[in-house]
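Each chain is listed here by its residues.
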Amino acid sequence: MKFPDEPLCADSLSPRFLRSARILPLAEEAGVLTLAMADPADRAAAEAVALATGLRVQPVAVPVSELDSALDRLFGTEERAGGLGDLMAAAAADHQPDTENLRDLASEAPVVRLVNRLIAEAVERRASDIHVQPFEQELRVRYRIDGQLIEREPVPRAAAAAIVSRLKLMAGLDIAERRLPQDGRIKLPVRGRDIDFRVATAPSMHGESVVLRILDRSGVTLDFAALGLAPEPREALLRQLDRPNGIVLVTGPTGSGKTTTLYTALERLNRPNRKLVTVEDPVEYQIHGINQIQVKSEIGLDFAGVLRSTLRHDPDVVMIGEIRDLDTARIAVQASLTGHLVLSTLHTNGAAATIARLVDLGISDYLIASTLNAVVAQRLVRVLCPDCREPHVLPAPLAAELGLEGQPPVFRPKGCPACLGTGYRGRVALFEVLEIDEPSRDRMLARQPVPKAARSLFDDGLDKVLAGVTSLEEVWAVAGDR
């Protein structure tokens, strides 16, 4: 979409009206004004523009994020705040506002509008997190989109206390407590759908930093094929999920989609003839028919304590959010030995390294060999934007090294407005599924290395490169070499 370099009809249409109506004149020709509109069905706004300008209006649908960016470029951010300047002056006059003043500032219309705009913009851009970080001269706001942090235009530093307080009030946190980290949740309707936000605050040198994790259930498909699991490893994983007892672990770094994979497994296992219980910190998505328990360490409700009581409730399947210590690992092993199927996550670099990690936690080799059914390792790679990806012929030596001679050209990123110029839109997982068979158990008992999975993360990544899903650079960055 081509936006004008200078405002059109500036003498008859005020910036405040354009922002409130979410419209922007694009071009004028032969008495017809092309009008960018977030909602082309808004006849009242179009008629108001026609009346004010004396021109016939031709509406054009434009994404809200692009429209807001164009309005900011043409009119700056001061007008968008709608009174934020006065609020900043009041805040600057009182460097240490008390709790009541903070509460009043956070409830002012300009702050409410700005915070709502930040949240709506992040959801519209498919962000997974919003990072609000105060610095000496500015309040930095960044969105994590497809795993990468994208900086938004900074917000004036004087408004930091009011904005952070507004977020804390929305999450039900104590705005008077600025020395200790706090955690909370927000549930908001955004663009017609209910979205959960996990809120975490932490003190920093120049004020409180806030991170909002966006949990949009409508954007999550709990299906192994949709997550990127190829047919062969998918069948291997399903075989292990169909077993009545044992442990299935999902491994990978923070933010690699482990919890989504576990939820997908739970969705498959969730049947009327089974009782499923989860112990999580926090509960990210609520699934009908599953008893989900939130860990609260501050009152002594930790993983190990909850698990001990959970096993007395006769579950068939137990999901543990994460195995972090020896106590939790021991209870997971005991649960699997007594006829339960246990699902959990573990932080390791690969499937084969999981066994060494369990030994390092203090679990005996024979217990691991007796209970471990499968290990799933995964990483997330960005998906090439289908609107702008371009074919790319690999150099012959590289193609030979990767075994891709004679293959069609692969694709690489280019960048367009649809993907915000990054060349990528969305993410998909690379998977490695290691089934623990009898030979592997014998090697464990002999304290010998377990063979690697038949298909490594890199192999799975190469298949997705050949399919045009992602780029070779992404696979190398995330999965390394063979």
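Rules behind the numbers
All chains use their own residue numbering, which begins from 1 and follows the written sequence. Whole-chain, interface and lining totals are the exception, using all residues; otherwise, since this is a predicted model, local features are given only for residues with pLDDT of at least 70 and side-chain atom pairs are given and counted only at 80 or more. Hydrogens and water are ignored here; the side-chain numbers use all heavy atoms of the structure. The pairing criterion is simple: DSSP has to find at least two bridges between the two strands. The numbering of helices and of strands both runs from the N terminus, where a helix is a DSSP run of H or I of at least 4 residues and a strand a run of E of at least 2. Axis definition: a line fit to C-alpha positions, over the contact stretch in the case of helices; interaxial angles, taken between N-to-C directions, run 0 to 180 degrees. Any two residues having at least one pair of non-hydrogen atoms within 4.5 Å are treated as being in contact. Any Lys or Arg side-chain nitrogen found within 4 Å of a carboxyl oxygen on Asp or Glu counts as a salt bridge. Burial classification: accessible surface area is computed with a 1.4 Å probe over protein chains only, and a residue below 20% of its type maximum counts as buried, one above 50% as exposed, and the rest as partly exposed. pLDDT is a residue-level measure of predictor confidence that goes from 0 to 100. Put simply, buried Ala, Val, Leu, Ile, Met, Phe, Trp, Tyr and Cys residues joined by side-chain atoms within 4.5 Å make one nonpolar core. If an angle is under 35 degrees, it is roughly parallel; if it is over 145, roughly antiparallel; if it lies from 65 to 115, roughly perpendicular; otherwise it is oblique. A clockwise turn of the near helix away from the far one marks a right-handed crossing, whereas an anticlockwise turn of less than a right angle marks a left-handed crossing. Residues are grouped as follows: nonpolar covers Ala, Val, Leu, Ile, Met, Phe, Trp, Tyr, Cys and Pro; charged covers Asp, Glu, Lys and Arg; every other residue, Gly included, is treated as polar. Whenever two N or O atoms come within 3.5 Å, that pair is a polar contact, provided that in protein one can donate a hydrogen and the other can accept it, and provided that, for residues adjacent in sequence, both atoms are side-chain atoms. It is the directions from the helix axis to the C-beta atoms whose arc is reported. In what follows, a disulfide is any cysteine sulfur pair within 2.5 Å. Here the aromatic set is Phe, Tyr and Trp, taking the six-membered ring for Trp, and pairing holds for ring centres within 6.5 Å; pairs whose planes are under 30 degrees apart are stacked, those over 60 apart are edge-to-face, and all others are tilted.

## Focus: the sheet that holds strand β1 (residues 23–29)
Strand pairing in a sheet relies on backbone hydrogen bonds. The paired strands run either parallel or antiparallel. As summarised here, the arrangement of the three strands in space is β1-β2-β3, forming an open sheet in which the pairing is mixed. Each edge of the open sheet is held by one strand with a lone partner, namely β1 and β3 (56–61). This sheet shows a mean twist of 25° between the axes of neighbouring strands, independent of strand direction. Across six bridges, the pairing between strand β2 (residues 32–37) and β3 is parallel. From the neighbouring strand, Thr34 faces β3, where its bridge partner is Gln58. Across the sheet, helix α2 (residues 43–53) is in contact with β1, β2 and β3; its angle to β2 comes to roughly 145°. With respect to the sheet, helix α3 (residues 64–75) is in contact with β1 and β2, its orientation differing from that of β1 by roughly 75°.

## A short note on the pattern of salt bridges
Considering all chains together, one arrives at 21 salt bridges under this definition. In this structure, Asp146 engages Arg126 in a salt bridge whose closest nitrogen and oxygen atoms are separated by 3.2 Å. A residue pair is termed long-range when its members are at least 10 positions apart, and Asp146 in the loop between β5 (138–145) and β6 (148–151) and Arg126 in the loop between α7 (109–124) and β4 (127–134) qualify at 20 residues. Note that Arg324 is salt-bridged to Glu322, the shortest N-O span being 3.3 Å. Judged by relative accessible area, Arg324 falls into the partly exposed class, the value being 39%.

## Thoughts on the confidence of the model for the chain
Detail in the predicted coordinates should be disregarded across regions flagged by low pLDDT. Per-residue pLDDT for the chain has a mean of 86; in total, 93% of the residues score no lower than 70. Across the chain, element-level confidence peaks in strand β11 (residues 246–251) with a mean pLDDT of 95 and bottoms out in helix α4 (residues 78–81) with 46. Predicted confidence is poor over residues 78–82, with pLDDT under 50, and the contacts of this stretch with residues over four places away or in other chains come to 16 contacts.

## Digging into the nonpolar core
Counting 49 residues, the largest nonpolar core has Leu249, Ile320, Ile323, Ile368, Leu372 and Met444 as its most contacted members. Ignoring anything within four residues of it in the chain, the contact list for Leu249 reads Ile323, Ser344, Leu346, Thr354, Leu358, Leu372, Ala374, Val375 and Val376. Ile119, Ala120, Val132 and Ala162 belong to the second largest nonpolar core, which has 33 residues in total.

## A look at the packing of helix α12 (residues 303–310) against helix α13 (residues 326–337)
The geometry of α12 relative to α13 is characterised by a closest axis approach of 8 Å and an angle of 20° between their N-to-C directions. In terms of their interaxial angle, α12 and α13 are classed as roughly parallel. With respect to the hand of their crossing, α12 and α13 are arranged in left-handed fashion. Contacts from Phe303, Ala304, Leu307 and Arg308 of α12 reach α13 at Asp327, Thr328 and Ile331. Its residues assigned to classes, the contact of α12 with α13 shows four nonpolar, one polar and two charged.

## Notes on the environment of Asp42
Structurally, the position occupied by Asp42 is in the loop between β2 and α2. From its side chain, Asp42 meets the backbone nitrogen of Ala45 in a polar contact 3.3 Å long.

## Comments concerning the sheet that holds strand β15 (residues 341–346)
One open sheet accounts for seven strands, arranged β13-β12-β14-β15-β11-β16-β19; its pairing is mixed. Taken across any chain shown, the strands that pair with only one partner, and hence form the sheet edges, are β13 (291–294) and β19 (424–435). Taking each pair of neighbouring strands and ignoring which way they run, the sheet shows an average axis angle of 20°. Looking at chain direction, strand β12 (residues 276–280) and strand β14 (residues 317–320) are connected through four bridges and run parallel. Across the sheet, Leu276 pairs through a bridge with Val317, a residue of β14. Contacts from helix α18 (residues 457–466) reach β16 (372–384) and β19 within the one sheet, and its direction differs from that of β19 by about 140°. Those strands touched by helix α19 (residues 472–479) are β16 and β19, and its axis lies near 140° from that of β16.

## Regarding the pairing of β12
Of all the five residues making up β12, five are buried; the element is thus mostly covered by neighbouring parts of the structure. Residues Leu276, Thr278 and Glu280 line one face of β12 and the alternating positions Val277 and Val279 line the opposite face, and both faces are buried. When β12 meets β13, the two strands line up parallel, connected through four bridges. Within β13, the position partnered with Glu280 by the bridge is Gln294.

## Description of helix α14 (residues 353–361)
Buried within α14 we find Thr354, Ile355, Leu358 and Leu361. What you see down the axis of α14 is that its buried residues fit within an arc of 120°, all on one side. On its buried face, α14 sits against β11, α13, β15, α15 (365–371), β16 and α17 (438–445). In the stretch just after α14, Gly362 is the one whose phi turns positive, near 120°.

## Quick notes on the pairing of β1
Judged from the six bridges that link them, β1 and β2 form a sheet pairing that is antiparallel. Paired with Ile23 across the strands is Met37, a residue of β2. Remark: two residues form the turn of the hairpin made by β1 and β2, two consecutive strands paired antiparallel; Ala30 in that turn has positive phi of roughly 55°.

## A closer look at the state of the cysteines
Inspection of every chain in the model, using the stated rule, returns zero disulfides. Free of any disulfide, Cys419 has its nearest cysteine sulfur in Cys416, 3.7 Å distant.

## Re the packing of aromatic side chains
With the rule as written, the count across this model stands at two aromatic pairs. Seen from their ring centres, Tyr263 and Tyr285 are 5.8 Å apart, and the 70° between their planes marks the pair as edge-to-face. Within this pair, whereas Tyr263 is found in helix α11 (residues 258–269), its partner Tyr285 is found in the loop between β12 and β13, the two being separated by 22 residues in sequence. Given a relative accessible area of 11%, Tyr285 falls into the buried group. Where Phe458 meets Trp476, the ring centres are 6.3 Å apart and the plane angle is 50°; that geometry is what we call tilted. Taken together, the residues Phe458 in helix α18 and Trp476 in helix α19 connect sequence positions 18 residues apart. Phe458 gets classed as buried once you look at its relative accessible area, which sits at 2%.

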